[in-house]
Amino acid sequence: MAAPHGPWLVADIGGTNARLGWVEGPGGDIRHVRTLPVLGHAHPHDAVRAYLDQVGPLVDGPAVPRRAALAVATAVGHDEVAFTNSHWRFSARALQQTLGLERLQVLNDFEALALSLPRLGAGQLRAIGPGLPRPEGTLAVIGPGTGLGVGGVTRTRHGWVALPGEGGHATLAPADEFESAVLAAARTRFDHVSAERLLSGIGLPVLHASVAEAMGQAVELLPAEQIVERGVAGADALCERTLDTFCAMLGGFAGSVALTLGARGGVYVGGGIVPRLGERFFQSRFRERFEAKGRFRGYLHAIPTALITDTLAALTGAAFAIEQDGV
């Protein structure tokens, strides 16, 4: 199937920021990337218009995309799209008409990130443990950012097919008595403690408070940014314990995703939080806990894990979605 003619607009829209890029056509690079704050715009249409105004003088010809693919941080399945962790909502049909697009594709942000996985090279990844993932079979990706995304992609005789889902909202499980106490503390605040409730930007303050309660300590309420900053700097023992718990529980969750999807090609870590942890993450219990699944330890030991270091990967996946859609 022939890929549609460009130019294309691609976007990766999370709860905090919208990252937008321009693609001249099939096989083209993502160019003129801009990051716009969600809170700075009342509607996605306003952000797109602001982006097109910025890049108009830079593109070849008029800044009028023929097609667009928006990777959004929420469940997708209906015309009306409402974001889980921001005020934005829109009608896909209305947005397509307003922007004058031939076609608008709206896909989950981790569906787009999953589509990028087979094309990622060694320079866009850093191994967590021995070896890098292999673009074969089924691949999975998890990503703690504002929320916690989960996606997968599997190879078929017709090409790569994304496996979108909302795995970040699956119930989080403890691995030891301390984590049981942490989850018990969180359950006093929430009826359902999902992985996202603790392993995300919105979840880090909850995790911090729950770790303090499990340790019998008073807690200073801190935003996620300060928890990360203090913990990485070694300036606050409670923040350090919070980050250590975060990495360990994220590893256990990643192992569960690998088992659920049969992601024997590899599990990738995306999102904005883990890169901020620096070497602390690579020295953490993430990989140990990834493999710690009893009788299936050997199964998981053979699955490589890696951090995605390319911040434009989801935009590449959105462009791939347009290519797959055909003329």
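As shown above, the structure is provided for reference.
What you see is a predicted model; the values in this text were computed from it and never measured. (Residues numbered from 1 in each chain as written. Predicted model: local features only at pLDDT ≥ 70, side-chain atom pairs only at ≥ 80, totals over all residues. Heavy atoms only, no water.)

A.B. asks: Looking at this structure, how should I read the pattern of salt bridges?
C.D. replies: Between side chains of opposite charge, pairing is possible as soon as their charged atoms come close. Throughout the structure, instances matching the rule amount to 17 salt bridges. Of the charged contacts, one joins Asp-325 and Arg-67 as a salt bridge, the two residues approaching to 3.0 Å between their closest N and O atoms. Highlighted residues: Asp-325 in helix α13 (residues 313–325) and Arg-67 in strand β4 (residues 67–72), separated in sequence by 258 residues. Relative accessible area serves as the criterion here: at 25%, Asp-325 is assigned to the partly exposed category. The exposure class of Arg-67 is buried, given its relative accessible area of 9%. The shortest N-O distance in the salt bridge between Glu-136 and Arg-134 comes to 3.1 Å. When its relative accessible area of 41% is taken as the criterion, Glu-136 is described as partly exposed. (Salt bridge = Lys/Arg side-chain N within 4 Å of Asp/Glu carboxyl O. Helix = DSSP H or I, 4+ residues; strand = E, 2+ residues; numbered from the N terminus. Buried < 20%, exposed > 50% of the residue type's maximum accessible area, 1.4 Å probe, protein only.)

A.B. asks: Sorry if this is basic, but what is going on with the nonpolar core here?
C.D. replies: Across soluble globular proteins, nonpolar side chains show a tendency to be buried alongside one another. Counting residues in hydrophobic clusters, the biggest one holds 47 residues, and the most contacted among them are Leu-198, Leu-199, Leu-204, Phe-246 and Leu-250. Examining the composition of this core, we find that 11 residues originate from one element, helix α8 (residues 237–261), more than from any other. In contact with Leu-199, not counting residues within four places along its chain, are Pro-144, Leu-148, Leu-172, Phe-246, Met-249, Leu-250 and Phe-253. Val-10, Ala-71, Ala-313 and Ala-321 belong to the second largest nonpolar core, which has 31 residues in total. (Core = buried A, V, L, I, M, F, W, Y, C linked by side-chain atoms within 4.5 Å. Contact = heavy atoms within 4.5 Å.)

A.B. asks: Would you mind going over α13 with me for this structure?
C.D. replies: Along its 13 residues, α13 runs 19 Å from first to last C-alpha, staying within 8% of the 18 Å computed at 1.5 Å per residue. Burial analysis of α13 places 10 of its 13 residues in the buried class, which makes it a mostly covered element. Of all the residues in α13, the buried ones are Ala-313, Ala-314, Leu-315, Gly-317, Ala-318, Ala-319, Phe-320, Ala-321, Ile-322 and Glu-323. (Expected span 1.5 Å × (residues − 1).)

A.B. asks: It is not clear to me how the packing of aromatic side chains should be interpreted in this structure. Could you clarify?
C.D. replies: We describe a pair of aromatic rings using the distance from one ring centre to the other and the angle between the two ring planes. All told, the structure shown has 6 aromatic pairs when counted by the stated rule. On the basis of an interplanar angle of 40 degrees and a centroid distance of 6.4 Å, the ring pair of Phe-83 and Phe-90 is categorised as tilted. Here Phe-83 matches Phe-90 in class, with each residue buried. For the cation-ring pair, Arg-126 lies above Phe-282, with the distance from its terminal atom to the ring centre recorded as 3.7 Å. The positively charged end of Arg-241 is found above the aromatic ring belonging to Phe-178, 4.0 Å away from the centroid. (Phe/Tyr/Trp six-rings, centres within 6.5 Å; stacked < 30°, edge-to-face > 60°. Lys NZ or Arg CZ within 6 Å of the ring centre and 35° of its normal.)

A.B. asks: Explain the packing of helix α4 (residues 177–187) against helix α6 (residues 204–214) to me, please; I cannot follow it from the model alone.
C.D. replies: For any two helices packed against each other, the geometry is given by the interaxial angle and the distance between the axes. Running from amino to carboxyl end, α4 crosses α6 at an angle of 120 degrees, the nearest separation of the two axes being 8 Å. Where α4 crosses over α6, the handedness of that crossing is right-handed. Along its contact with α4, which presents Phe-178, Ala-181, Val-182, Ala-185 and Ala-186, the element α6 presents Val-206, Leu-207, Ser-210, Val-211, Glu-213 and Ala-214. Its residues assigned to classes, the contact of α4 with α6 comprises 9 nonpolar, 1 polar and 1 charged. (Axes fitted to C-alpha atoms, helices over the stretch in contact; angles between N-to-C directions. Left-handed = near helix turned anticlockwise from the far one by under 90°. Nonpolar A, V, L, I, M, F, W, Y, C, P; charged D, E, K, R; others polar.)

A.B. asks: Help me out: how do you make sense of the sheet that holds strand β2 (residues 17–23) in this one?
C.D. replies: The strands that make up a sheet are held in pairs by hydrogen bonds between backbone atoms, and each pair lies either parallel or antiparallel. With mixed pairing, 5 strands are arranged side by side in an open sheet as β3-β2-β1-β4-β7. Strands with a single pairing partner mark the edges of an open sheet, and in this sheet they are β3 (31–37) and β7 (103–108). Each adjacent strand pair in this sheet contributes to an overall mean axis angle of 15 degrees, direction not counted. One ladder, built from 6 bridges, connects β4 with β7; its direction is parallel. Following the sheet pairing, Ala-71 is matched in β7 by Leu-107. Contacts from helix α1 (residues 44–55) reach β1 (8–13), β2 and β3, with the element oriented near 140 degrees to β3. (Pairing = 2+ DSSP bridges.)

A.B. asks: Help me understand the pairing of strand β12 (residues 266–269), please; the structure alone is not making it clear to me.
C.D. replies: Along a regular strand, successive side chains alternate from one face of the sheet to the other. Residue alternation in β12 divides its side chains into two sets, Gly-266 and Tyr-268 and Val-267 and Val-269, and both sets are buried. As defined by bridge partners, strand β9 (residues 138–144) adjoins β12 across 4 bridges and the pair is classed as parallel. Paired with Ile-142 across the bridge in β12 is Val-269. Two strands pair when backbone bridges link them, and β12 and strand β13 (residues 305–308) are joined in this way by 3 bridges, in the parallel orientation. Following the sheet pairing, Tyr-268 is matched in β13 by Ala-306.

A.B. asks: Which parts of the structure should I look at to understand the sheet that holds strand β11 (residues 159–164)?
C.D. replies: Taken in spatial order, the 6 strands make up an open sheet running β8-β13-β12-β9-β10-β11, and their pairing is mixed. The sheet is open, and its two edges are formed by β8 (125–128) and β11, each paired on a single side. For this sheet, the mean inter-axis angle between neighbouring strands, taken without regard to orientation, is 25 degrees. Each of β9, β10 (148–156), β11 and β13 touches helix α3 (residues 109–116); the most contacted strand, β10, lies at about 45 degrees to it.

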